[in-house]
Amino acid sequence: MGDNIIVKIYRYLQDMLVYKPSRTPPTFFLEELPNEDETLPITPASALQGSAEELNMLLRQAKSLQDSMEKITETLKDGKISSIDEFRAEYKKLSQLQTEISPARLAYDAVSTPSERQVSANLEENRSIVEKLYRLPENKDAVIRHLTIPLSPPVRAMMVFLEGMVDSKTLNLAILQPLMLFSADRAVNNTADSLTDQIIEECLPANQVKKAVDFQSVQNSINSGDTALFINGVPEAVLIDTKGMAQRSVGRPVTEQTIRGSQAAFSEGLRINTGLIRSTLKSSDLVTEFVTVGKRTNTNCAIMYLASVANPSLVKEIKRRIEGISTSYVGDIGTLQQFIEDHPGILFPQALSTERPDRVASHLSEGRVAFILEGVPFAHIVPVSFFTFFHSAEDFSFKGPSSSFLRILRLIAGFTTLLLPSFYLAIYYFHPEALPTEIVLAIAGARERVPFPALVEVILMEFSFELIREGGLRIPGVLGSTIGIVGALILGQAAVTANIVSPIVVIIIALTGLASFAIPDFQMAMAFRMLRFVMLLLAATLGLVGVASGLLIMVLLLCSMKSFGVPYMVPVAPKAKANLDVVIRGPVFRQEQRPDALNTIDRRRQPHISRKWMLEKPAGEEDKS
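Residues numbered from 1 in each chain as written. Predicted model: local features only at pLDDT ≥ 70, side-chain atom pairs only at ≥ 80, totals over all residues. Heavy atoms only, no water.

**Things to note about the packing of aromatic side chains**
Selection rule: Note on aromatic pairs: the rings of Phe, Tyr and Trp (six-membered ring only in Trp) are paired at centre separations within 6.5 Å, and the planes decide the class, stacked below 30 degrees, edge-to-face beyond 60, tilted for the rest. Any Lys NZ or Arg CZ that is within 6 Å of a ring centre and within 35 degrees of that ring's normal is treated as a charge sitting over the ring.
One pass over the full model with this rule turns up eleven aromatic pairs. With 5.6 Å between their ring centres and 70° between their planes, tyrosine 428 and tyrosine 429 make a pair best called edge-to-face. An aromatic cluster of at least three residues, connected via ring pairs, comprises Phe348, Phe386, Phe387, Phe389, Phe390, Phe415, Phe528 and Tyr568. The ring centre of phenylalanine 396 lies 4.8 Å from the NZ or CZ of arginine 585, which sits over that ring.

Pasting the structure below:
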């Protein structure tokens, strides 16, 4: 029999009034941790932790000492000693361990981070440091492989590598197999120096092998795909090149497609990219230097230049700026550019970005410097000028008049993108007398039923066009461009039919958008697109005076900029000697000098008469004479 209504009301009031602990789990809150930059006070707990670390190191060293003494005792009892060299090797090993347990060394190692420690002669100590560095056993990427090198007596060793970043075939055939089949008869002397040198020279066929005495170098190499080899009794690690990460092969350019010229593009592999440049520019003067960027990522950055052409001060300045970056992570070359450029707050780009090796080689031959970041399929070239961003990769594939026409067309397209909507607003609001009467009447008739002011109308269409452009870029595959074109057509037609905008505004915005696509460099096109909105506001408030004032401010800004010591508007401001390759491109056989603003070591690109065949007689005429 169920409860009556009075009991139900009583229980309901009891549940509502009487407190009961919540059955739901407590809410998770992310608590703030102490900042690493803050100096924490020394507490008894931290002091005990340092003492415990010293005690653990002493215990590991004592265990190693005990194993050595037991081995020597057992050998003496069995009477297997045929040479004093084995005793000498054990003595050197114990001497090395004794230096590591000195009070000063123990005190330093106890308070140091694992990456600041030195490589120990004790294999167990090295294993303990590696486990702290890579958070073992939680971290499943780091692999520790123990092996025994068959010497007399046998020597224990340990390999450390990251799974997925090494080539397993290289690891098995070029490291494990030679070491485990190493003959004891070939060992010249089982000592620290001679043993590692002989292993490197006779057992490791890898093309790049080096030594390291600190765990910072060991950690950087392992994170890059190398394998670290630790040998018991040797206070150094052997770093072996075993990189085998999956990388994209060389493909075709995506953003810099050309009709003529090379069809190769960079990939994410740093060595692949430097090899592509070197295969295009086959010169022993081509230098590649590596700089590490990022405290936690340790990303390699390659700096490439022609030593016999590039200005040494320019190379030193670029290296100084890159090495002076102090940050945790740099994952993109655009981020690196913002760290080292002269004017990071200005929209105009100060480094040329390209995905084509042939374009990099062309600029390197002129005396510029290129830097490439590991994992990024682009290279940046410095220094550059304003006119460099209107050059295309295939300019030199065509004759001079054709290339000059295309460059002038791109410059006109750039200023059309910047000024065409602003001129329309300025003339419509302040200077209608500047147009013929028929055109003024046509514009007024088209805008008769439009309810919005001209400024709102233009900004609305500009914003819609930018949305279509951005949406088309984010949609994958060929569907993006199709949706962009169809969306623009439908949106423009619907807006005109609904009397939201006038047809003349649709035409102006369409011409402005097409002109922005004609600018070869995306960063420069983006700068013009953003400045266009500023020019619109100036035109709507001050008319042509506002447009002229905006242009004057922009020119003053461009003339005050520098790209790694080179004026941005060179050779126009300041005036410098042009080399028939700024806007108007002359014949290739007349371009004898390199750009004057670069102040290169070798200023002459080719002799005054580069077509020497013109000074010689034709092939048939020599036989007749």
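Next comes the rest of the write-up.
**So, the sheet that holds strand S1 (residues 142-149)**
Quick note on the threshold: For two strands to be treated as a pair, DSSP must find at least two bridges joining them. Helix and strand assignments follow DSSP, with helices taken as H or I runs no shorter than four residues and strands as E runs no shorter than two, numbered in order from the N terminus. As a rule, the C-alpha atoms of each element are fitted with a line to give its axis, helices using only the stretch in contact, and angles between N-to-C directions run from 0 to 180 degrees.
Reading across from one edge, S1-S2-S4-S5-S3 is the order of the five strands in this open sheet, with antiparallel pairing throughout. Looking at the sheet topology across the chains shown, the edges are occupied by S1 and strand S3 (209-212). Each neighbouring strand pair of the sheet contributes to a mean axis angle of 25°, computed without reference to strand direction. In this structure, strand S2 (residues 155-162) lies alongside strand S4 (residues 227-231), joined through four bridges in antiparallel fashion. Of the residues in S4, the one forming a bridge with methionine 159 is leucine 229.

**Quick notes on a nonpolar patch on the surface**
Test applied: In this scheme, patches are assembled from residues that exceed 30% relative accessible area and form no salt bridge. Like charges are connected within 9 Å, while nonpolar side chains (Val, Leu, Ile, Met, Phe, Trp, Tyr) are connected within 5 Å. Note on areas: Shrake-Rupley with a 1.4 Å probe; residue coverage comes only from the protein chains shown. Salt bridges are defined by distance alone: a side-chain nitrogen of Lys or Arg within 4 Å of a carboxyl oxygen of Asp or Glu.
There is a patch of nonpolar side chains on the surface, built from Ile5, Ile6, Ile9, Tyr12, Leu13, Met16, Leu17 and Val18 and spanning about 870 Å² of accessible area. For isoleucine 5, the location among the structural elements is in helix H1 (residues 5-17).

**Quick word on helix H19 (residues 544-560)**
To keep it simple, the criterion reads: Take the number of residues in a helix, subtract one, and multiply by 1.5 Å to get its expected span. By definition in these notes, contact holds between two residues if any of their heavy atoms fall within 4.5 Å.
Under the 1.5 Å per step criterion, the end-to-end length of H19 is 24 Å for 17 residues, consistent within 8% with the ideal 24 Å. Tucked into the core, H19 has its buried residues touching helix H13 (400-429) and helix H18 (522-542).

**Quick look at the side chain of threonine 299**
For clarity, the threshold we go by: Exposure categories follow from relative accessible area, calculated using a 1.4 Å probe and restricted to protein chains: below 20% of the type maximum is buried, above 50% is exposed, and the middle band is partly exposed. Any pair of N or O atoms that falls within 3.5 Å is considered a polar contact. Within protein, one atom must be able to donate a hydrogen and the other to accept it, and sequence-neighbouring residues count only if both atoms are side-chain atoms.
If you trace the backbone, threonine 299 turns up in strand S7 (residues 299-306). Given the relative accessible area of 11%, threonine 299 is considered buried. One polar contact links threonine 299 to threonine 297, side chain to side chain, over a distance of 3.2 Å. The contacts of threonine 299, once residues within four sequence positions are left out, are Val291, Thr292, Val293, Val330, Leu373 and Glu374.

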